[in-house]
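As a plain string of letters, each chain reads:
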Amino acid sequence: MGDGEPRVPTAIAVTSADMALPPQDERTLPAAVLQDVDRRPLDHVLAELQTLVDQCGHVIVVCSEAVPAGVERRLHTVRALLETDRIALFRPPLPPLGIAVLARQLRQLASCDLGPGVLASAGRLLTHYIHAGALLGSVARLDRVPVDLKAHARSWVPGSQFGVVAHPEPQLVRIGAEAALSGPEFGTSLLVAKGQLPSDWVTGTLAPAWRVQGLREAALPAESSGWWGTGRLTEFCAYLPDLSVLYQLVTSVRQDACHWCGIDVIGDRCVFCSATPPVYDDDAGGGRGGGASGRDRALGHRRDPALGRRRERRALTG
């Protein structure tokens, strides 16, 4: 793209309309909704993704681990058939509402001067600042968070409710006078999505205890019941709402060029081509006379591929 030519924002895609939350601010870009990718004809989905790549240059698909297996297979198939490293498939270990929140944060950042590789890598970074959980009427079928036998037994007691945090650290308490969940140690907003369970404890007890700076409601994602193992729930997610804070977090991290595809990224894995940094065997005399370390040579690999012997480690995108 030449100087002075406006940058086309990277597309942030989700796999259902209920994962496309309303804009957080006036700069939040709309989400590209890839609806029913496992049910529509393959050529239709191919055309849709190809159009997005042609229009936006790169596409970041954010999806839940609770999506049907056919959705993930179809997305990998389309990416392979298009023979492109311009589509990133990102499945962070968050409950569905947390996925929707993260996708919206990336939609906020997509309006900034961030390259597609940095934007895709930012998803991994911002995941650490999301506190996602739910108020559950039963934990009998919950398999995403460790549940002891006592909690399982209490699930059969009529009227029992449980407060659960799935991320960043698993927590589970039975709701009572002394029930409390550890929350973020920084200022957040709280998004609440009510299912078949009143949200009074979340809004009246949890929100004040976590000292949230804002509280909003959203529709419960269709995937939430399956993820939490029950429809008797209210899902919640504490997150950083301000674009300026998100941007500062992302730009404070060192950027490096991916040794495989050359795109600028943060962190140790390129979300687009799935490459991790190469590992070099140090020369026998590397410790004498100014020989470069394995890390120094890894950082210089794209400038001089002949340095050292390269062992590439490839990993599937998370």
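Residues numbered from 1 in each chain as written. Predicted model: local features only at pLDDT ≥ 70, side-chain atom pairs only at ≥ 80, totals over all residues. Heavy atoms only, no water.

Student: Explain the overall build of the protein to me, please; I cannot follow it from the model alone.
Tutor: Of the regular secondary structure elements, the protein holds 9 helices and 14 strands. Within the protein, the proportion of its 318 residues that are buried is 48%. Restricting the contact set of the protein to residue pairs at least 6 apart, pairs at least 24 apart contribute 72%. Total accessible area on the protein is roughly 15,400 Å²; 49% of this is exposed by carbon and sulfur atoms. (Helix = DSSP H or I, 4+ residues; strand = E, 2+ residues; numbered from the N terminus. Buried < 20%, exposed > 50% of the residue type's maximum accessible area, 1.4 Å probe, protein only. Contact = heavy atoms within 4.5 Å. Areas by Shrake-Rupley, 256 points an atom, 1.4 Å probe, with all protein chains shown as cover.)

Student: What am I meant to see in the pairing of strand E10 (residues 233-239) here?
Tutor: The two faces of the sheet receive side chains in turn, since in a regular strand these alternate between them. In terms of burial, E10 is a largely internal element, 7 of the 7 residues being buried. Side-chain alternation along E10 places Leu-233, Glu-235, Cys-237 and Tyr-239 on one buried face and Thr-234, Phe-236 and Ala-238 on a second face that is also buried. Sheet analysis places strand E5 (residues 131-136) next to E10, joined by 6 bridges and oriented antiparallel. By the bridge assignment, Ala-134 is partnered in E10 with Glu-235. (Pairing = 2+ DSSP bridges.)

Student: Please clarify how the environment of Gln-255 should be interpreted in this entry.
Tutor: Turning to its location among the elements, Gln-255 is positioned in the loop between helix H8 (243-251) and strand E11 (256-257). Each C-alpha atom of the pair Gln-255 and Val-265 lies 5.5 Å from the other, and the pair is 10 residues apart in sequence. The residues touching Gln-255, leaving out its near neighbours within four places in the chain, are Val-118, Asp-264, Val-265 and Ile-266.

Student: Teacher, can you tell me more about H8 here?
Tutor: Because the α-helix completes a turn every 3.6 residues, residues three or four places apart line up on one side. Listed as buried for H8 are Leu-243, Leu-246, Leu-249 and Val-250. The buried residues of H8 all sit within an arc of 130° when viewed along its axis, so they share a single face. Every exposed residue of H8 that faces more than 90 degrees away from the buried side is listed here: Ser-244 and Gln-248. (Arc of directions from axis to C-beta.)

Student: Even after reading the chapter, I still don't get empty space enclosed by the protein, so can you show me in this structure?
Tutor: Any space left empty among the atoms is revealed by the rolling of a water-sized probe across them. Using the criterion set out here, one finds 1 cavity of 30 Å³ or more in the structure. By volume, the largest cavity is sized at about 30 Å³. Lining of the largest cavity is provided by Cys-63, Glu-72, Leu-75, His-76, Leu-89 and Arg-91. Of the residues forming the lining of the largest cavity, the biggest block, 3 residues, is contributed by helix H2 (residues 69-82). (1 Å grid on protein atoms, 1.4 Å probe; cavity = no way out; pocket = protein on both sides within 12 Å on 5 of 7 lines; lining within 4 Å. Points joined across faces, edges and corners; volume = space filled by probe spheres on them.)

Student: I would appreciate a short explanation of the confidence of the model for the protein in the present structure.
Tutor: Predicted coordinates in regions of low pLDDT should not be interpreted in detail. Scored by pLDDT, the protein has a mean of 84; 82% of the residues are at 70 or more. Across residues 283-318 the pLDDT falls below 50, and counting only partners more than four positions away or on other chains, this stretch makes 60 contacts in the model. (pLDDT = per-residue confidence, 0-100.)

Student: Sorry if this is basic, but what is going on with the pattern of salt bridges here?
Tutor: Side-chain pairs of opposite charge can arise where the charged atoms are in close proximity. The full count for this structure, using the stated rule, is 6 salt bridges. Across the pair Glu-72 and Arg-91 runs a salt bridge whose closest N-O atoms are separated by 3.3 Å. You can see Glu-72 sitting in helix H2 and its partner Arg-91 sitting in the loop between strand E4 (87-90) and helix H3 (96-109), a full 19 residues away along the chain. The exposure class of Arg-91 is partly exposed, given its relative accessible area of 21%. Ionic pairing is found between Arg-79 and Asp-85, a salt bridge with its closest N-O pair at 3.6 Å. (Salt bridge = Lys/Arg side-chain N within 4 Å of Asp/Glu carboxyl O.)

Student: What is the right way to read unusual backbone geometry from this model?
Tutor: The phi angle of most residues is negative, glycine excepted, and most peptide bonds adopt the trans form. Residue His-167 is joined to Pro-168 through a cis peptide bond whose omega torsion reads 15°. For Pro-168, the location among the structural elements is in the loop between strand E6 (162-167) and strand E7 (171-174). The phi dihedral of Asp-36 is positive, around 50°, even though this residue is not glycine. Here Asp-36 shows up in the loop between strand E2 (32-33) and helix H1 (42-56). In the Ramachandran plot, Arg-211 falls in the positive-phi region, its phi being about 55° despite a non-glycine side chain. Take Arg-211: its relative accessible area is 71%, and that puts it in the exposed class.

Student: Sorry if this is basic, but what is going on with the nonpolar core here?
Tutor: When a protein is soluble and globular, its nonpolar side chains tend to lie buried together. Core analysis: the largest hydrophobic core is formed by 47 residues, its most contacted members being Leu-109 and Val-250. Mapped onto this core, the elements with two or more residues apiece are strand E1 (11-14), strand E3 (59-62), E4, H3, helix H4 (116-127), strand E8 (189-194), E10 and H8. Counting residues per element, this core draws most heavily on H3, at 8 residues. Not counting residues within four places of it along the chain, the set of residues in contact with Leu-109 comprises Leu-114, Leu-119, Ala-122, Leu-126, Leu-243, Leu-246, Tyr-247 and Val-250. Core analysis: the second largest hydrophobic core is formed by 21 residues, Ala-13, Val-45, Leu-52 and Val-71 among them. (Core = buried A, V, L, I, M, F, W, Y, C linked by side-chain atoms within 4.5 Å.)

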